[in-house]
Amino acid sequence: MQELITAIIKPHQVTDVKDALIAAGVQGMTVTEVRGFGRQRGKTENFRGSEYNIDFIPKVRLDILVAAEMADRIISVVVDAARTDKIGDGKVWSTPVRTVIRVRTGEMDNDAL
């Protein structure tokens, strides 16, 4: 069985998280620039004396596919590397994945990771 770990983190934390994941043995990930909001509901900025609202905060989404037995450890690695102890650090969750197939070779499940 495999797990898809999804993390929404601050953009400036991507390098730290990537380095920590590589050190933990992760062989690949997908990184997507996204925008959204959580409990803080956006933020207010001042620019040239004018105040304006930013409804959707820039974030980065990481998708990491791992063997189910590695999922808890990899989640901990992501959380530890992404934490700044400030509002907006993000979220991490995992989703069970029933089947994975490597397109080029036809390998399946853990062999496809």
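All values derive from a computational prediction rather than experimental measurement. (Residues numbered from 1 in each chain as written. Predicted model: local features only at pLDDT ≥ 70, side-chain atom pairs only at ≥ 80, totals over all residues. Heavy atoms only, no water.)

> Just to check I follow, could you spell out the sheet that holds strand E6 (residues 90-97) for this structure?
Two strands in a sheet stick together by hydrogen bonds in their backbones, pointing the same way (parallel) or opposite ways (antiparallel). Sheet architecture is open: four strands sit in the order E2-E5-E1-E6, paired in antiparallel fashion. Either end of the sheet is taken by a strand with one partner, and the two such strands are strand E2 (30-36) and E6. Going from strand to strand, the sheet's axes swing by 25° on average, the running direction of each strand aside. In the sheet, strand E1 (residues 2-9) pairs with E6 via eight bridges, with the strands oriented antiparallel. The residue of E6 that forms the bridge with Ile9 is Gly90. Contacts from helix H2 (residues 71-82) reach E1, strand E5 (57-67) and E6, with the element oriented near 10° to E1. (Pairing = 2+ DSSP bridges. Helix = DSSP H or I, 4+ residues; strand = E, 2+ residues; numbered from the N terminus. Axes fitted to C-alpha atoms, helices over the stretch in contact; angles between N-to-C directions. Contact = heavy atoms within 4.5 Å.)

> Would you take a moment to explain the pattern of salt bridges for this structure?
Think of it this way: side chains of opposite charge can pair up when their charged atoms draw near. Enumeration over the complete set of coordinates arrives at six salt bridges. Taking the shortest distance from any N to any O, the salt bridge between Asp89 and Lys10 comes out at 3.6 Å. Placement of the pair is Asp89 in the loop between H2 and E6 and Lys10 in the loop between E1 and helix H1 (14-23), with a sequence separation of 79 residues. Take Lys10: its relative accessible area is 14%, and that puts it in the buried class. A salt bridge links Asp85 to Arg83; the shortest N-O distance between them is 3.9 Å. (Salt bridge = Lys/Arg side-chain N within 4 Å of Asp/Glu carboxyl O. Buried < 20%, exposed > 50% of the residue type's maximum accessible area, 1.4 Å probe, protein only.)

> Mind showing me how you'd approach the side chain of Asp89 here?
Relative accessible area serves as the criterion here: at 17%, Asp89 is assigned to the buried category. Within the structure, the side chain of Asp89 is placed 2.3 Å from the side chain of Thr84, a separation counted as a polar contact. Setting aside its immediate chain neighbours within four residues, Asp89 contacts Ile8, Ile9, Lys10, Ala82, Arg83 and Thr84. (Polar contact = N/O pair within 3.5 Å; in protein donor to acceptor, adjacent residues only side chain to side chain.)

> Looking at this model, I keep getting lost on the packing of aromatic side chains. Mind explaining?
Aromatic ring pairs are described here by two measures, namely the spacing of the ring centres and the angle between the planes. Per the counting criterion, the structure on display carries one aromatic pair. Considering the side-chain rings of Phe37 and Phe56, the 5.7 Å spacing of their centres and the 45° angle between planes classify their relative orientation as tilted. Highlighted residues: Phe37 in the loop between E2 and strand E3 (43-47) and Phe56 in the loop between strand E4 (50-54) and E5, separated in sequence by 19 residues. By relative accessible area, Phe37 is classed as partly exposed at 43%. The exposure class of Phe56 is partly exposed, given its relative accessible area of 38%. (Phe/Tyr/Trp six-rings, centres within 6.5 Å; stacked < 30°, edge-to-face > 60°.)

> Mind showing me how you'd approach the nonpolar core here?
When a protein is soluble and globular, its nonpolar side chains tend to lie buried together. If you look at the biggest cluster of nonpolar residues, it comprises 19 residues, and the most contacted ones within it are Ile5, Ile9, Val17, Leu21, Leu62, Ile64 and Ile74. Put simply, the parts of the chain that give this core at least two residues each are E1, H1, E5 and H2. No other element matches the seven residues that H2 contributes to this core. (Core = buried A, V, L, I, M, F, W, Y, C linked by side-chain atoms within 4.5 Å.)

> Can you help me understand H1 in this one?
An α-helix turns once every 3.6 residues. As a result, residues three or four positions apart point the same way. Residues of H1 that are buried include every one of Val14, Val17 and Leu21, and no others. Buried residues of H1, viewed axially, fall in a sector of 70°; they line one side. Exposed residues pointing more than 90 degrees away from the buried face of H1 are listed as Ile22 and Ala23. In this structure, the buried side of H1 is in contact with E1, E5 and H2. (Arc of directions from axis to C-beta.)

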